[in-house]
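# Report on the structure
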Amino acid sequence: MGRTIFLLISVVLVAYYVYIPLPDAIEEPWKLVWQNTLPKIATDLASFVELLGINHLMDTIQLLITFQEVPPTSDENVTVMETTFDSVPVRIYIPKRKSTTLRRGLFFIHGGGWCLGSAASYIYDTLSRWTAHKLDAVVVSTDYGLAPKYHFPRQFEDVYRSLRWFLQEDILEKYGVDPRRVGVSGDSAGGNLAAAVTQQLLQDPDIKIKLKVQVLIYPALQALDMNVPSLQEGAHFPLLTRSLMVRFWSEYFTTDKDLEKAMLLNQHVPMEFSHLLQLVNWSSLLPERYKKGHFYKNPSPGSSELAQKYPGFIDVKACPLLANDNILHHLPLTYIITCQYDVLRDDGLMYVKRLQNAGVHVTHHHIEDGFHGAFTLFGLKIANRMQNQYLNWLIKNL
Ligand SMILES: *[C@@H]1O[C@H](CO)[C@@H](O)[C@H](O)[C@H]1NC(C)=O
Ligand SMILES: *[C@@H]1O[C@H](CO)[C@@H](O)[C@H](O)[C@H]1NC(C)=O
């Protein structure tokens, strides 16, 4: 009897963890299922621990992720070191091969929903090491304060301080970087921070060195409309669902559950800020094919009190899509990756459109069989393909 019940529970658990409703277009589905299982178990475990009132969801997940961190170890091709830029911890990757000229510099910002990850995470360390070697570039991978310990604008400010430090002439010279060939890059929440600091630099008279490129890998770019088509479609997308994305967004601003609840209902932008909605209006900004089957509905007005308490979600430093065209117009050459099965797809698509409207040169790669997180899923063909496209673009443009 006991064994039968045990068997039954095991079968149900395995079925639950293995079952993700994957779109047919996705290749190597079993590898993805496998890659998705550990995060799913970790998230469920963390949710349970939070439900018991023992620990914050993100703190538990971050604790589990910490086991995937690797030390800053140099290899035969790349020297790796850790230091601080204006007291923000960074990991620096310098190619070992001799160079007679100054190198490109790439400032990289890791993802993880403003709550998770670090430059030391295995995936980011591997990516930065590979980029430094293949691109023959100095890669600076920055850390920043994470939620729930720190909320907006701490993440933004840490990254901005670190980038400003890097962009000093004597610092670039110290690392052998050509001041005319510096770019920023980031994935997911790192793409959000990359877009935000790139905009901020344009308004900073103290910074003389201009970025040559910005690279945004499935970035999060707005927290105003939680019902853009990709968020509506993404209740069960692999690795990042709508509910988890809303949790990340609200956690960026506060641990107060009221904001998360209002965002889930898409009822958080108060009447006095409703004019901002036109800047993220998917009905006018998305290409026809992504609007199919969706009807635009103005989000219902939210409470003014909530917006006064947590003004971050209507701040351009958190939502780069809220910048006006005069700012966008001055942005550097831009590379944006969007994925079809990603809740953040439409943020990226709308930014592509707004940048093009403002006259910015944009290279846009839309990955038809892509999903959130695919870029760093080492071992999957799709990651390989996306990384090689990224590298080739950087070789040509940085
Ligand atoms: C160093 O570079 C060579 C040539 O690109 C490569 O074959 C080798 O695997 C690299 N070593 C490491 C540790 O990545
Ligand atoms: C969004 O655009 C549609 C038309 O494409 C329009 O009907 C709607 O009023 C707009 N809403 C906002 C908030 O800008």
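Scroll up for the structure.
Residues numbered from 1 in each chain as written. Chains lettered and ligands numbered in written order. Predicted model: local features only at pLDDT ≥ 70, side-chain atom pairs only at ≥ 80, totals over all residues. Heavy atoms only, no water.

### A look at the site of ligand 2
Within the structure, ligand 2 sits among Leu-277, Gln-278, Asn-281, Ser-283, Ser-284, Tyr-296 and Asn-298. Ser-283 is positioned such that a nitrogen or oxygen atom in its side chain is 2.9 Å from an oxygen atom of ligand 2. Take Asn-298: an N or O atom from its side chain is 3.1 Å from a nitrogen atom of ligand 2. Look at ligand 2: alone it shows 360 Å² of surface, and the protein chains cover 54% of it. Grouping the amino acids of the shell around ligand 2 by side-chain chemistry returns two nonpolar, five polar and no charged. (Near = heavy atom within 4 Å. Polar contact = N/O pair within 3.5 Å; in protein donor to acceptor, adjacent residues only side chain to side chain. Areas by Shrake-Rupley, 256 points an atom, 1.4 Å probe, with all protein chains shown as cover. Nonpolar A, V, L, I, M, F, W, Y, C, P; charged D, E, K, R; others polar.)

### Overview of the site of ligand 1
In the region of ligand 1, the neighbouring residues are Asp-75, Glu-76, Asn-77 and His-133. Within the side chain of His-133, an N or O atom sits 3.0 Å from an oxygen atom of ligand 1. Protein chains bury 39% of the 360 Å² of accessible surface belonging to ligand 1 in isolation. Of the residues that constitute the shell around ligand 1, the class distribution is no nonpolar, two polar and two charged.

### A closer look at the side chain of Arg-242
Here Arg-242 lies in helix α9 (residues 242–253). Salt bridges are absent for the buried Arg-242, whose nearest opposite-charge side chain, Asp-225, sits at 7.1 Å. Polar contacts involving the side chain of Arg-242 include one to the side chain of Asn-227, which spans 3.2 Å. (Helix = DSSP H or I, 4+ residues; strand = E, 2+ residues; numbered from the N terminus. Buried < 20%, exposed > 50% of the residue type's maximum accessible area, 1.4 Å probe, protein only. Lys, Arg positive; Asp, Glu negative; His and termini not counted. Salt bridge = Lys/Arg side-chain N within 4 Å of Asp/Glu carboxyl O.)

### A few points about unusual backbone geometry
The linkage connecting Ala-147 with the following residue, Pro-148, adopts the cis geometry, with an omega of 5°. Here Pro-148 is to be found in the loop between β4 (137–142) and α5 (154–166). Across the junction of Phe-152 and Pro-153, the peptide omega takes the value 5°, indicating a cis bond. In this structure, Pro-153 sits in the loop between β4 and α5. In the Ramachandran plot, Glu-28 falls in the positive-phi region, its phi being about 45° despite a non-glycine side chain. Among the residues examined, Glu-28 registers a relative accessible area of 18% and is labelled buried. Of note in the backbone geometry, Asp-136 takes a positive phi value of approximately 50° without being a glycine. Looking at where Asp-136 falls in the secondary structure, it is placed in the loop between α4 (122–135) and β4.

### Observations concerning the sheet that holds strand β8 (residues 362–371)
With mixed pairing, eight strands are arranged side by side in an open sheet as β1-β2-β4-β3-β5-β6-β7-β8. Bordering the open sheet on either side are β1 (78–85) and β8, each of which pairs with just one other strand. On average, each strand axis in the sheet is inclined to that of its neighbour by 20°, with strand direction left out of account. Taken together, the four bridges between strand β2 (residues 88–95) and β4 define a ladder with antiparallel strand orientation. Across the sheet, residue Arg-91 finds its bridge partner in β4, namely Ser-141. (Pairing = 2+ DSSP bridges. Axes fitted to C-alpha atoms, helices over the stretch in contact; angles between N-to-C directions.)

Taken by themselves, the reported measurements are silent on function.
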